[in-house]
Amino acid sequence: PERKRAEERMWRQAAIVQWSCDAIVGLTLTGKITDWNDGAERLFGYTAAEVTGKSISLLSLPERQEGISQLLYDRKGNPEHHFETVRVRKDGERINLSLTVSLIPDSAGTPIGVSVIARDVSERKLLEKKLLKIADEERRRIGQYLHEIIGPELAPLAFISDTLVEGLRKNCPPEVKL
């Protein structure tokens, strides 16, 4: 019974990884692909047979070939665990991804591989871009309103206040500072 429960647990964990909506990729420490779930197949367009044994740089942008060290460390050499990046699908389409990268240890705690979980955030990035454009257009509209409508109304007030200050300066005793 104990062995059967352990086997069922292992099968359930394997099924969770295999059928996850997110791409889950296993790598060697040198960046060779060892594991490729169905989510990775849907996201990147490659079958497991096409990529197993190949370098993860297969998914890098042509102008920016990257290896395993770019997955594991940020530009300052610090361990990188979660970040956003752009990668390329089999058909050449660029996709915005959120990546979670983890070292896989053996039973003694020594790293023996790398796990990468990738989620497509292209739609979110597109919405962010649209939102920034709308905000920029609104800032411009408000600026134009202030310049064209409010500005002319404030000019006479500025003139009146300047006139009042000058009148006060002429009529105030010297010990009062304006």
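Up top is the structure.
None of the values given here were measured: they were computed from a predicted structure.

*Asks:* I keep staring at the side chain of R89 and nothing clicks. Help me out?
*Replies:* Within the element layout of this structure, R89 appears in the loop between β3 (82-88) and β4 (94-105). Look at R89 and you get buried, because its relative accessible area is 18%. Separated by 3.3 Å, the side chain of R89 and the backbone oxygen of R42 make a polar contact.

*Asks:* Explanation requested: a nonpolar patch on the surface in the structure shown.
*Replies:* On the surface, a cluster of nonpolar side chains totalling about 550 Å² of accessible area is made up of L154, L157, F159, I160 and L164. Inspection of the secondary structure puts L157 in helix α5 (residues 122-171).

*Asks:* Please clarify how the sheet that holds β3 should be interpreted in this entry.
*Replies:* Strands in a sheet are paired, the pairing made by backbone hydrogen bonds, and the direction either parallel or antiparallel. The five strands lie next to each other as β2-β1-β5-β4-β3, forming an open sheet whose pairing is antiparallel. Both edges of this open sheet fall to β2 (33-36) and β3, since each of them pairs with a single strand only. Adjacent strand axes in the sheet meet at a mean angle of 30°, parallel and antiparallel pairs treated alike. Pairing analysis gives five bridges linking strand β1 (residues 23-27) to strand β5 (residues 111-120), with the strands arranged antiparallel.

*Asks:* Would you mind showing me how to read the pairing of β4 here?
*Replies:* Remark: a regular strand shows side chains that alternate across the two faces of the sheet. Pairing of β3 with β4 involves seven bridges; the strand directions are antiparallel. When the sheet's bridge partners are listed, V86 is paired in β4 with N96. What sits between the antiparallel neighbours β3 and β4 is a turn of five residues, in which G92 has the positive phi angle 95°. In terms of strand pairing, β4 meets β5 through nine bridges, oriented antiparallel. From the neighbouring strand, S102 faces β5, where its bridge partner is S115. Following β4, the chain reverses through five residues before pairing antiparallel with β5; G109 in that reversal takes a positive phi of roughly 95°.

*Asks:* Looking at this model, I keep getting lost on the packing of aromatic side chains. Mind explaining?
*Replies:* Pairs of aromatic rings are described using the distance from one ring centre to the other and the angle between the two planes. Counted by the stated rule, this structure contains one aromatic pair. Ring plane angle 40° and centroid distance 5.6 Å describe the contact between W36 and F44, whose orientation is recorded as tilted. One exposure class covers both W36 and F44, and it is buried.

What counts, and where the lines are drawn
Residues numbered from 1 in each chain as written. Predicted model: local features only at pLDDT ≥ 70, side-chain atom pairs only at ≥ 80, totals over all residues. Heavy atoms only, no water. Helix = DSSP H or I, 4+ residues; strand = E, 2+ residues; numbered from the N terminus. Buried < 20%, exposed > 50% of the residue type's maximum accessible area, 1.4 Å probe, protein only. Polar contact = N/O pair within 3.5 Å; in protein donor to acceptor, adjacent residues only side chain to side chain. Patch = residues over 30% accessible without salt bridge, like charges linked within 9 Å, V, L, I, M, F, W, Y side chains within 5 Å. Areas by Shrake-Rupley, 256 points an atom, 1.4 Å probe, with all protein chains shown as cover. Salt bridge = Lys/Arg side-chain N within 4 Å of Asp/Glu carboxyl O. Pairing = 2+ DSSP bridges. Axes fitted to C-alpha atoms, helices over the stretch in contact; angles between N-to-C directions. Phe/Tyr/Trp six-rings, centres within 6.5 Å; stacked < 30°, edge-to-face > 60°.

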